[in-house]
Amino acid sequence: MHRLDQLLASLGYSSRSEARDLLKAGLVTVKGEEASDPSLRAKASDVLFDGEPLDHPDGILIAFNKPLGVVCTRSSSEGQTIYEFLPEQWLRRNPEVSTVGRLDKDTEGLILLTDRGDLLHRLASPKGRVPKVYRVFVDKDLSDGLVGIFKGGTLLLEGEKDPCAPADFRILGPREAELILYEGRNRQVRRMFASQGYMVQSLKRERIGPLELGDIKPGEWRDLPLDYFDK
Ligand code: URA
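Each chain has its residues counted from 1, following the order in which its sequence is written. At least 70 in pLDDT is required for a residue's local features to be given in this predicted model, at least 80 for side-chain atom pairs to be given and counted, and no such filter applies to totals for whole chains, interfaces and linings, which use all residues. Hydrogens and water molecules were not included; the side-chain quantities draw on all heavy atoms of the structure.

A. Representation of the site of the ligand. Whether a residue is near a molecule or strand is decided by its heavy atoms; if any one of them lies within 4 Å of it, the residue is near. Neighbouring the ligand are Leu103, Asp104, Thr107, Tyr134, Arg187, Gln188, Val189, Arg190 and Leu203. In this structure, Thr107 approaches the ligand through a side-chain N or O atom, which is 3.0 Å from an oxygen atom. A cavity here means a set of 1 Å grid points, computed over protein atoms only, where a 1.4 Å probe fits but cannot escape. A pocket is an open set with protein on both sides within 12 Å along at least 5 of 7 lines, and lining residues have an atom within 4 Å of a point. In this scheme, a molecule is assigned to a cavity or pocket if more than half of its atoms are within 2 Å of the grid points. Here the ligand occupies the largest pocket. The greatest single-element share of the shell around the ligand, amounting to 3 residues, is contributed by helix H6 (residues 188-195). In this count, Pro and Cys sit with the nonpolar residues alongside Ala, Val, Leu, Ile, Met, Phe, Trp and Tyr, while Asp, Glu, Lys and Arg are called charged and the others, Gly among them, polar. Looking at the shell around the ligand residue by residue, the classes come out as 4 nonpolar, 2 polar and 3 charged. Here the limits of each domain have been adopted from an automatic or database domain assignment. Domain assignment of the residues forming the shell around the ligand places at least three in each of domain 2 (59-129 + 211-231) and domain 3 (131-208). We define a polar contact as two N or O atoms separated by no more than 3.5 Å, with the added condition that, inside protein, one atom must be a possible hydrogen donor and the other a possible acceptor, whereas residues neighbouring each other in sequence contribute only through side-chain atom pairs. The secondary structure listing takes helices from DSSP runs of H or I that are at least 4 residues long and strands from runs of E that are at least 2 residues long, numbered from the N terminus.

B. Local environment of the sheet that holds strand E2 (residues 28-30). The pairing criterion for strands is at least two bridges between them, as found by DSSP. If you trace the 4 strands from one edge of the open sheet to the other, you get E3-E2-E5-E6, paired in antiparallel fashion. If you trace the sheet from one side to the other, it starts and ends with strand E3 (33-34) and strand E6 (52-53), each paired once. Judged from the 2 bridges that link them, E2 and E3 form a sheet pairing that is antiparallel. If you follow Val30 over to E3, its bridge partner there is Glu33.

C. Summary view of the nonpolar core. Buried residues of nine kinds, namely Ala, Val, Leu, Ile, Met, Phe, Trp, Tyr and Cys, make up a nonpolar core once their side-chain atoms join them within 4.5 Å. Think of it in three bands: with a 1.4 Å probe and only protein chains considered, a residue is buried below 20% of the maximum accessible area for its type, exposed above 50%, and partly exposed in between. With 33 residues, the main nonpolar core has Val136, Leu179, Met192 and Phe193 as its most contacted residues. Where this core is concerned, the elements lending two or more residues are strand E7 (61-66), strand E9 (107-114), strand E10 (132-138), helix H5 (145-151), strand E12 (176-181), H6 and strand E13 (200-208). Both of domain 2 (59-129 + 211-231) and domain 3 (131-208) provide at least three residues apiece to this core. Grouped together as the second largest cluster of nonpolar side chains are 16 residues, Leu8, Leu23, Phe49 and Leu54 included.

D. How the structure looks around the environment of Gly152. Within the secondary structure, Gly152 sits in the loop between H5 and strand E11 (168-173). Taking the C-alpha atoms as reference, Gly152 lies 46 Å from Leu11; in sequence the two are 141 residues apart.

Rendered as structure tokens:
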């Protein structure tokens with residue numbers, strides 16, 4: 001049960017003070033009855049706004065296809081941010097919607113966004129060991145020796161004190177490979193290849209755990225049930 005003014009504000013409909021005006025204007029019903037008292041407590045599922053159920057009352061979890069050139073920070077002088085693709089109302093929600101980890105500006109593909117602290121924590125934690133699958137193109141022909149190096153669990157990247165966790169690695173073509181990471185360090189794929197003398201020329205994240213990028217187009221997203229990763 002939440003106060004109506006708090007509920008509307010936390011779901012990004014308005015500020016808490018503006019919520020009073022929305023309530024006075026008769027836009028909100030609780031169990032079918034018009035409700036104008038901001039302090040009235042109600043279950044989100046009993047509330048309609050302008051005749052519609054509340055937007056994601058229990059939280060947001062989406063799979064987004066990040067286009068190249070877009071950054072994952074909230075504001076940037078470096079170009080478009082991922083948040084510019086989302087409905088404006090979501091940007092006013094509290095807790096705020098944020099990305100689970102980040103992809104570099106020059107990486108495309110699958111990234112999760114959520115406003116649920118529990119999901120953010122669980123999906124970002126290396127303890128969760130959620131596999132992340134990357135398709136990589138490099139600047140010169142790949143050597144079979146990389147398989148053992150990336151799988152070995154002893155590769156130490158510059159400036160890090162712990163070696164990279166064992167990764168799965170498959171060579172798909174002369175300069176094309178699939179790398180599966182079970183942790184997420186800053187620019188990890190690019191740094192792993194750089195440590196072996198390769199430059200990553202294109203990088204795309206295609207899967208996170210059971211979730212495939214599939215037919216989600218760049219700049220678009222798919223709503224996921226909040227328990228999607230529990231299964
Ligand atoms: N590894 C990278 O180097 N960049 C990313 O965006 C993700 C993983």
